[in-house]
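# Secondary and tertiary structure notes
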Amino acid sequence: EPEAVWIEIAPFVEVRELRRDEVAGTHTSLMRMRPGGFVPGHRHEREEEFIVLEGECHIGMHRLVAGDVHIAPAGTVHEPVTTQTGVLVLLRGEYPHPTPLR
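Every chain begins its residue count from 1, and numbering advances along the sequence as written. pLDDT decides what is reported in this predicted model: residues at 70 or higher carry local features, side-chain atom pairs at 80 or more are listed and counted, and totals for whole chains, interfaces and linings draw on all residues regardless. Hydrogens are left out, water is left out, and the side-chain values use all remaining heavy atoms of the structure.

### Quick look at the environment of histidine 78
Assignment of secondary structure puts histidine 78 in strand S9 (residues 77-78). Look at histidine 78 and you get buried, because its relative accessible area is 2%. C-alpha separation for the pair histidine 78 and alanine 10, spaced 68 residues apart in sequence, amounts to 16 Å. When near neighbours in sequence (up to four residues on either side) are disregarded, histidine 78 contacts Gly41, His42, His44, Glu48, Phe50, Ile59, His70 and Ala72. By definition, any uninterrupted DSSP run of H or I lasting at least four residues is a helix, any uninterrupted run of E lasting at least two residues is a strand, and each is numbered from the N terminus. Using a 1.4 Å probe on the protein chains alone, a residue whose accessible area is under 20% of its type maximum counts as buried, one over 50% counts as exposed, and one in between counts as partly exposed. By definition in these notes, contact holds between two residues if any of their heavy atoms fall within 4.5 Å.

This is how it looks when you write it as structure tokens:
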């Protein structure tokens, strides 16, 4: 089982892995972003569920608030994620985590 710790993956962005299935190549994690947090655009090899639990954020120009769900289909590019207010998100998607676009 993964350790229940928050790991900083970018300035103002932390992830806490809740569950990992290396056989299936998936994970379930919490991601919290403080105001000004930024997750670069990235490509998804598998579908990702992005569920906003608290706060608000933008995926590209698309605004999401608590209760909203964003599905990134397999093979698509996820636009950058930003927040001005802070946000807490539940993620279900591929493991290892996708790498940022260069």
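### Things to note about the pattern of salt bridges
Each salt bridge in this description consists of a side-chain nitrogen of Lys or Arg and a carboxyl oxygen of Asp or Glu lying within 4 Å of one another. This model, assessed by the stated rule, comprises six salt bridges. Arginine 32 serves as the salt-bridge partner of glutamate 14, at 2.6 Å between the closest nitrogen and oxygen. Taken as a pair, glutamate 14 in strand S2 (residues 13-21) and arginine 32 in strand S3 (residues 26-33) lie far apart in primary sequence, 18 residues in all. When its relative accessible area of 16% is taken as the criterion, glutamate 14 is described as buried. We note a salt bridge from glutamate 56 to arginine 63, for which the minimum N-O separation is 2.5 Å. A single salt-bridge network, built from bridges that share partners, covers Glu14, Arg32 and Arg34.

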